[in-house]
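Structural overview for review
Residues per chain are reported as follows:
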Amino acid sequence: MNLKKIRKDVAVVGAGMTVFARRLQETGKEMAWEAAKMALDEAGLTLQDIDAVIMGSAPDAFDGVHKKGDWLLDGAGGTNKPYMRVFIGGGTAVFAPIAGWWHVASGMFQRVLVVCEEKMSSVQPHAQSAFGHIWDPILDRPLKPNLVWIFSMEMQRYMYKYNVRYEDIALVAVKNKRNAVGHPCAQLADPNITLEDVLNSEPMALPVRRLDISPPSDGAAAIVLVSEDVAYEHTDTPVWIDGVGWCIDTTMWTNRDLAFPKFVARAAKMAYEMAGIKDPRKEIDFAEPYDPFDYKELQHLEGLLLAEPGEAAIMTREGKTQRDGEFPVCPSGGLLGVGNPIAAALGIKIGELYWQLAGKAGPRQVKKDVRTGVAQAWGDLMQVSSVVVMRRR
Amino acid sequence: MLERIEKSSEIRHWIGDMEADHYYYSAGIAGEKFFVALRDEGKIVGAHCATCNLTYVPPRIYCERCFAELTEHKDMGKRGCVVAFTVAHYDKAGQRLDPPESFALISLGPRTTPLLHKLGEIAPEKICVGLEVEAVLKPQREGKITDILYFKPVK
């Protein structure tokens, strides 16, 4: 890998995001347009200024339209422009901006719009019926697995190997749902949630309980990426994408290390090397790891090399990962607090890094002065990770 | 012979599908206006973009060219002209259509996006580009694209 020879630095100069909720009436295109327009407006750009458009959306099976990228095209502003859809399941939220980044970093395009959309309410009776088809049709599907079971096994393995207490994991759900109170798009904010609420919530597939999970949602998010050549024409506070990385583990989920996500660490090392980060714990100020389940925030922090295996739970218990703590984690409220319309988590991960680093996060602004943040997403059959390092200069 | 095994029963196999039980497809904010106007008023409405001087039928909440929000709806009337057409002799399952069915893109005005629909009350050999046609609506309507039965030639 040659991570040095990048032609152009790439900055985020605008972000937009719709409310995350069950939005039966709006079409995916309408939600995509709403988010894309917000991002363009913040950047002070019009669609005519955009050279190329990247669409991120998870499997077609959610919206129920094959070749969903083409279908969403006009809402994403891609008509009559170079356009591509990328998707790596849940990892799309951070992978779509990586695709946008290489369009600009290569020197080919100066201004690129990245739009992510997900409408999970279309699929009936539940999004799980679409997830039911991601398994091996011969070995797994006859046993009728669903994602929650599988994550429960992973969570259980993580707790066993690193001696992590469930009570510490559940604190992540409490933190994120409280953090989301300041987010205008939040579906799951709860200012009064307590640890007991999580511990006493309905068992789904133990050890996973209802409040440990982010439920399906509908929404869209967008960002505007520009080249270093024009960044300061659009804003005084560009936020730079200084490192990107991605990596995928084996297809056979049973063959992976379920306690430590090695593929996250590989993706993170790639992004850190590109960003010139040698000691991530010292050089990164805050993080937006992917948190569809509370234990995933902890596991991902460890995969991102921001904690030793098992240590993230202790950091959480000690309050270090609170928004006003020494290392804020998911100040947005995360997927657990804001919601989880798969690819549209772009707004929670990359969007939040942008708003925090540009000082535009409003009531969610972390107390300490932040210059460097890392965002990460996770997907496909729980095996892929995408990582982005962003900086204010 | 490319296939070593010709009968699927000769190998162990599993029958499956890869769809959900079903989907809810909504018409969206603009689509809702279109179908309610069609059902309740028997009108075909469009949305106009003043910047691009382009009318979308059915309406949209945005212009895909300039991204302007479209709030101006107008009644397009029921008359238009054929932009393109085909006469289908087989259905998608390969069954012969007797008589053949005619489909057309119909534009309801200048600088207006055409609507896909069926043609009726016309012999296939009489159909041509530019033919003036008129929508025939069902008397009892449900708010579906099939509330328009077909377009027929203007006498």
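Each chain carries its own residue numbering, running from 1 in the direction its sequence is written. Throughout, the order in which chains and ligands are written sets their labels, letters from A for the former and numbers from 1 for the latter. Restriction of local features to residues with pLDDT of at least 70 applies here, the model being predicted, together with a cutoff of 80 or more for giving and counting side-chain atom pairs; totals for whole chains, interfaces and linings are based on all residues. Water and hydrogen atoms play no part in the side-chain values, which are based on all heavy atoms of the structure.

1. What to know about the sheet that holds strand β2 (residues 45–49) of chain B
Residue and element names in this part refer to chain B. In spatial order, the strands read β3-β2-β4; together these three strands make up an open sheet with antiparallel pairing. Lying at the two open borders of the sheet, with one neighbouring strand each, are β3 (54–56) and β4 (73–75). Between one strand axis and the next, the sheet turns through 40° on average, direction left out of account. Any two strands are treated as partners once DSSP identifies two or more bridges connecting them. By the criteria applied, helices consist of DSSP H or I runs no shorter than four residues and strands consist of E runs no shorter than two, each listed in order from the N terminus. Where β2 meets β4, three bridges bridge the pair, whose relative direction is antiparallel. The residue bridging Gly46 from the neighbouring strand is Lys74, located in β4. Every axis in this analysis is a line fitted to C-alpha atoms, fitted for helices over the stretch in contact. Angles between the N-to-C directions lie between 0 and 180 degrees.

2. Details of a positive patch on the surface
Residues and elements named next belong to chain A. Taken together, the side chains of Arg157, Lys161, Lys262, Arg266 and Lys269 make up a positively charged region of the molecular surface. Only α5 (147–162) and α9 (262–275) provide two or more residues apiece to the positive patch. In terms of residues, the positive patch owes the most to one element, α9, which gives three residues. Structurally, Lys262 is set in helix α9. Lys262 gets classed as partly exposed once you look at its relative accessible area, which sits at 47%. Every patch collects residues that have over 30% relative accessible area and no salt bridge, joining them within 9 Å if they carry like charges and within 5 Å if they are nonpolar side chains (Val, Leu, Ile, Met, Phe, Trp, Tyr). Surface accessibility in these figures is a Shrake-Rupley result with a 1.4 Å probe; residues are shielded only by whichever protein chains are displayed. We count a salt bridge whenever a side-chain nitrogen from Lys or Arg sits within 4 Å of a carboxyl oxygen from Asp or Glu. Neither His nor the chain termini are counted; the positive set is Lys and Arg, and the negative set is Asp and Glu. Where a charge sits is defined by one atom per residue type, namely NZ (Lys), CZ (Arg), CG (Asp) or CD (Glu). For every residue, the accessible area obtained with a 1.4 Å probe (protein chains only) is divided by the maximum for its type, and the residue is called buried under 20%, exposed over 50%, and partly exposed between those limits.

3. Remarks on the environment of Val12 of chain A
All names here are of chain A. In this fold, Val12 is placed in strand β1 (residues 10–17). Distance from Val12 to Thr235, taken between C-alpha atoms, is 9.7 Å for residues 223 residues apart in sequence. Two residues form a contact once any of their heavy atoms are found within 4.5 Å. Discounting chain neighbours no more than four positions away, the residues touching Val12 are Ile223, Val224, Leu225, Pro238, Val239, Ile241, Tyr354 and Met390.

4. Concerning the environment of Arg39 of chain B
Residues and elements named next belong to chain B. Mapped onto the secondary structure, Arg39 falls in helix α1 (residues 28–41). Spatially, the C-alpha atom of Arg39 lies 31 Å from that of Lys126, the residues being 87 residues apart in sequence. Apart from the residues lying within four places of it in its own chain, the contact partners of Arg39 are Arg141, Glu142, Gly143 and Asp147.

5. Quick word on the interface of chain B and chain A
Between chain B and chain A, the contact holds 26 residues from the first and 34 residues from the second. Considering only the side of chain B, the residues that lose the most area to chain A are Tyr24, Tyr62 and Phe67 of chain B, jointly responsible for 29% of the buried surface there. The tally of links from chain B across to chain A stands at one salt bridge. Polar contact criterion, stated in full: a pair of N or O atoms within 3.5 Å, where within protein one must be able to donate a hydrogen and the other to accept it, and residues adjacent in sequence count only if both atoms are side-chain atoms. Taken together, the links from chain B to chain A amount to 16 residue pairs in polar contact (both at pLDDT 80 or more). Going through the elements one at a time, β1 (22–23) and α1 of chain B are the ones with two or more residues in the side of chain B that touches chain A. For the side of chain B that touches chain A, the leading source of residues is α1 of chain B, giving four residues. Note on definitions: buried area is the accessible-area loss of two parts on being combined, 1.4 Å probe, summed for both.

6. Remarks on the packing of aromatic side chains
Residue and element names in this part refer to chain A. Any pair of Phe, Tyr and Trp rings, taking the six-membered ring for Trp, is counted once the centres come within 6.5 Å. Such a pair is stacked with planes under 30 degrees apart, edge-to-face with planes over 60 apart, and tilted for the rest. Overall, the coordinates contain 15 aromatic pairs over all chains when judged by the stated rule. Note on Trp102 and Trp246: the rings are 5.9 Å apart at their centroids and 35° apart in plane angle, and the pair reads as tilted. Of this pair, Trp102 sits in helix α3 (residues 92–105) while Trp246 sits in strand β9 (residues 239–248), and the two are 144 residues apart along the sequence. The class of Trp102 is partly exposed, set by a relative accessible area of 29%. Where Phe293 meets Tyr295, the ring centres are 5.9 Å apart and the plane angle is 65°; that geometry is what we call edge-to-face. One exposure class covers both Phe293 and Tyr295, and it is buried. Among the aromatic side chains, those forming a connected cluster through ring pairs are Phe151, Tyr290, Phe293, Tyr295 and Trp378. Criterion for a charge above a ring: Arg CZ or Lys NZ at most 6 Å from the ring centre, at most 35 degrees from the ring normal. In this structure, Arg85 is placed above the aromatic ring of Phe87, and the distance from its NZ or CZ to the ring centre is 4.1 Å.

7. As for the sheet that holds strand β12 (residues 384–391) of chain A
In sheet architecture, strand pairing relies on hydrogen bonds along the backbone and comes in two forms, parallel and antiparallel. All names here are of chain A. Taken in spatial order, the nine strands line up as β3-β2-β4-β8-β1-β9-β12-β11-β10 in an open sheet, and their pairing is mixed. In this open sheet, the two edge strands, each paired with only one partner strand, are β3 (83–86) and β10 (286–288). For this sheet the average axis-to-axis angle between neighbouring strands, irrespective of direction, equals 25°. Helix α14 (residues 346–357) rests against β1, β4 (111–119), β8 (218–227), β9, β10, β11 (372–379) and β12 of the sheet, and its axis sits at about 120° to β1.

8. Digging into the packing of helix α1 (residues 28–43) of chain A against helix α2 (residues 68–76) of chain A
Residue and element names in this part refer to chain A. Running from N to C, α1 and α2 cross one another at 40°; their axes reach a closest spacing of 7 Å. As far as their axial angle goes, α2 and α1 are oblique. Of the two elements, α1 crosses α2, and the hand of that crossing is right-handed. Every residue of α2 that contacts α1 at Gly28, Lys29, Ala32, Trp33 and Ala36 is listed here: Trp71, Leu72, Asp74, Gly75 and Ala76. Each angle gets one of four labels, with under 35 degrees taken as roughly parallel, over 145 as roughly antiparallel, 65 to 115 as roughly perpendicular, and the rest as oblique. Helix crossings are classified by the rotation of the near helix relative to the far one: an anticlockwise turn of less than a right angle makes the crossing left-handed, while a clockwise turn makes it right-handed.

9. Topic: the pairing of β3 of chain A
All names here are of chain A. Sheet topology note: the strand β2 (residues 52–56)/β3 ladder contains four bridges and is parallel. The partner of Val53 across the bridge, within β3, is Tyr83. With α2 bridging β2 and the parallel β3, this β-α-β connection has right-handed handedness. Consider the strands pointing away from the viewer: the crossover is right-handed when the path from the first strand over the helix to the second runs clockwise.

10. Focus: the pattern of salt bridges
Residue and element names in this part refer to chain A. On inspection of all chains with the given rule, the structure shows 33 salt bridges over all chains. Residue Arg393 pairs with Asp9 through a salt bridge whose shortest N-O separation is 3.1 Å. Residue Arg393 is found in the segment after β12, and its partner Asp9 is found in the segment before β1; the two are separated by 384 residues along the sequence. For Asp168, the salt bridge identified is with Arg165, shortest N-O distance 3.1 Å. Residue classification places Arg165 among the partly exposed positions, given a relative accessible area of 43%. Here the residues in one salt-bridge network are Asp9, Asp242, Arg391 and Arg393, joined through shared partners.

11. Describing unusual backbone geometry
At the junction of Leu206 of chain A and Pro207 of chain A, the peptide bond is cis and its omega measures out at 10° in the coordinates. Following the sequence through the fold, Pro207 of chain A ends up in the loop between β6 (203–205) and β7 (208–209). Residue Pro58 of chain B is bonded to the preceding Val57 of chain B through a cis peptide linkage, with omega at -5°. For Pro58 of chain B, the position within the fold is in the loop between β3 and β4. Positive phi outside glycine occurs at Leu305 of chain A, with the angle close to 65°. Its location among the elements puts Leu305 of chain A in the loop between α11 (294–303) and α12 (311–317).

No statement about biological role is implied by the geometric values presented.
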